Amino acid sequence: MKPLKYILVSSLAAATLLGGSSVWAAGLSADALLSSNGQIMSNVTTLAGIGDFEDINGDALKAGFRAPGSVVQLPDGSILIADTRNHLIRKVSGGKVSMFAGPELVVTKNSQGFPTGGLLDGKASQSFFNEPTGLAVDSKGNVYVADSGNNAIRKVDTNGQVTTLAGNGVPGKKDGKGADASFNHPSDVAVAADGTVYVADSLNHVIRKIAADGTVSTLNAASTRAVEIRPGKSSFAGEFQDGSLTAAKFNEPSGLALDSKGNLYVSDTGNQLIRYIDLQAGTVKTVAGSPSGESYGKNELYAGGDYADGEASKAKFDFPKGLTVTSEGGIVIADSLNHAIRYLLNDKVTTIAGTVQTGETDGVERAAEFYNPNDVLVTAQGNIVVADSSNNKIRKIAPYHLPADLPSQGIKVVNGEKVISFDAQPEIQNGRTMVPVRAISETFGFEVKYAERSGTKVVQLIKGDTTVELTIDDTGVVRKQAGQADVKQVTDVAPYVKQDRTFVPIRFFAEQIGLDVQWDADTQTAILRTKSYAK
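Since we're looking at a predicted model, the values are computed, not measured.

**Considering the sheet that holds strand β41 (residues 487-489)**
Strand order in the open sheet formed by 5 strands is β37-β38-β39-β40-β41, with antiparallel pairing between adjacent strands. Across the chains shown, the open sheet's two edge strands, defined by having one partner strand only, are β37 (447-453) and β41. The mean angle between the axes of side-by-side strands here comes to 20°, regardless of whether they run parallel or antiparallel. With 5 bridges joining them, strand β39 (residues 466-471) and strand β40 (residues 477-481) adopt antiparallel strand pairing. What sits directly across from glutamate 469, in β40, is valine 478.

Take a look at the structure:
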């Protein structure tokens, strides 16, 4: 493994190159540190939000959101958030959350006491939105909004003026110019270099195109499949078909991302797939997921969701939504009902962070938890930002990198991003990293004691009601905790005494106290990280 090389890309230059909604972001895996299971090593933290269903500006970690649906980066590096259920566009910059577009004060509330949306153009601070869900930014810094509840596509220009680009507030599926066109709950937008806006028109199951003059057209075939959603009530549902774009079919597409060629990746949410539209060739193909939507069961709205990493054609998703493209040609995916952030690269799908279990825990990779993540972006600095919708938070996934002051020679041990100092050089025995016990115990707040049992010497590392025991010249480690049964772990290496210092296997001690342990062969470094932690 090699240390992660941060590729600093100007956001403005990136947006110009892409001409679209996704920052042409740093590659994630080329030089990343990988864990023993091939996962990109990273730390998940909370960027903004206390988790309450609220509307609070100010300090980012004390701010409140209501089901944030989308995130995008502006040329100045700040992050915009589609705060969906607050009907606002918010901004995170310099550790503060402020208003970007929408009224400062709640004007009307519903019967439950929550804000209601509206449709009003004009000055950003006096405009109204209704469940804004998707965001995009062009090379000039203009912001485009999939204003889902208004069935409209809005624009916030660099002068802070809000206009309606297309749609009229009424659901429908009509092509035309500006207000003559209609949409049905559009979920996302992407903006090409020439100013063309692409729309994931979710409940119409189609991808729409808005030309520079405001003319709306439909790119793919409409669905003709009907299902009975309740006795006596039928509705059109999405379908699946690859091939020619004009004949292709989708099922509630909800995420869009432009690649470097100006073509579109689509989260085909109801089909549990990632699709690719080659706009030049006029074709659609499935690039990840198993197309089970080819044969829907009776009255099934959606294909069945599941979870599986691996070969792209065999990977499984559960309502994938927001997408972003990286400079190495990968696709980061907000896999919403798997509560995970996935990565498609070189025809393989891996999980970057999260598990199928819901939660809001910060931590490393799979120890971190999300709850219905709806969108992702990769910043110019190479971090992933997540709209963690049902947690009402904005989260950050930062690729792990080794400390800058890591020595170039010898065996090293690091605690997160800090090098641990030893009074005797760590060494390798039988493929295991052995370290002087006192330095490692002090690093993690353990007291070292020794005991004699049947003529053998036992090393005890004690912290509170937890004791980790290792026996000199004997394999095995035991964790004792008050009120619980002893936990015994078989080891393949034994502690030993050398030059009046006791050496213990770092991996087995670290695992017993709940640390994640990785080994970087390139730098001969044992990496210890706390698996999960509070903000």
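The discussion continues.
**Thoughts on the nonpolar core**
Of all hydrophobic cores here, the largest spans 30 residues; its most connected members are Val413, Ile440, Phe444, Leu461, Phe509 and Leu528. When residues of this core are traced back to their parent elements, those giving at least two are β36 (432-436), α2 (437-443), β38 (456-463), β39, β43 (501-505), α3 (506-512), β44 (515-520) and β45 (525-530). Dropping the residues within four chain positions of it, leucine 461 is found in contact with Val437, Ser441, Phe446, Glu447, Val448, Thr466, Thr467, Val468, Leu470 and Phe509. Residues Ala32, Ala334, Ala368 and Val376 belong to the second largest nonpolar core, which totals 18 residues.

**Observations regarding the environment of leucine 120**
Note on placement: leucine 120 falls in the loop between β6 (96-101) and β7 (122-123). Relative accessible area serves as the criterion here: at 40%, leucine 120 is assigned to the partly exposed category. When the C-alpha atoms of leucine 120 and threonine 164 are compared, they prove to be 8.6 Å apart, with 44 residues separating the residues in sequence. Residues contacting leucine 120, with those up to four places away along its chain left out, are Gln126, Ser127, Phe128 and Arg154.

**Re the UniProt feature "repeat: NHL" (unreviewed entry) in the protein**
Summarizing the sequence annotation, UniProt attributes the feature "repeat: NHL" (unreviewed entry) to residues 129-159, 172-213 and 369-400 in the numbering used throughout. Note that residues 129-159 is 0% helix and 52% strand, and that its end C-alpha atoms are spaced 18 Å apart. Annotation note: span residues 369-400, helix share 0%, strand share 56%, distance between end C-alpha atoms 17 Å.

**Considering the packing of aromatic side chains**
According to the stated counting rule, one finds 5 aromatic pairs in the structure shown. With a centroid separation of 5.1 Å and 90° between ring planes, the pair formed by phenylalanine 53 and phenylalanine 114 is classed as edge-to-face. Taken together, the residues phenylalanine 53 in the loop between β1 (42-48) and β2 (58-59) and phenylalanine 114 in the loop between β6 and β7 connect sequence positions 61 residues apart. In this structure, arginine 66 packs its charged tip against the face of phenylalanine 53, placed 5.3 Å from the ring centre. Sitting over the face of the ring of phenylalanine 129, arginine 154 holds its NZ or CZ atom 4.7 Å from the ring centroid.

Scoring rules and cut-offs
- Residues numbered from 1 in each chain as written.
- Predicted model: local features only at pLDDT ≥ 70, side-chain atom pairs only at ≥ 80, totals over all residues.
- Heavy atoms only, no water.
- Pairing = 2+ DSSP bridges.
- Helix = DSSP H or I, 4+ residues; strand = E, 2+ residues; numbered from the N terminus.
- Axes fitted to C-alpha atoms, helices over the stretch in contact; angles between N-to-C directions.
- Core = buried A, V, L, I, M, F, W, Y, C linked by side-chain atoms within 4.5 Å.
- Buried < 20%, exposed > 50% of the residue type's maximum accessible area, 1.4 Å probe, protein only.
- Contact = heavy atoms within 4.5 Å.
- UniProt positions renumbered as here; feature names shortened; annotations may be inferred.
- Phe/Tyr/Trp six-rings, centres within 6.5 Å; stacked < 30°, edge-to-face > 60°.
- Lys NZ or Arg CZ within 6 Å of the ring centre and 35° of its normal.

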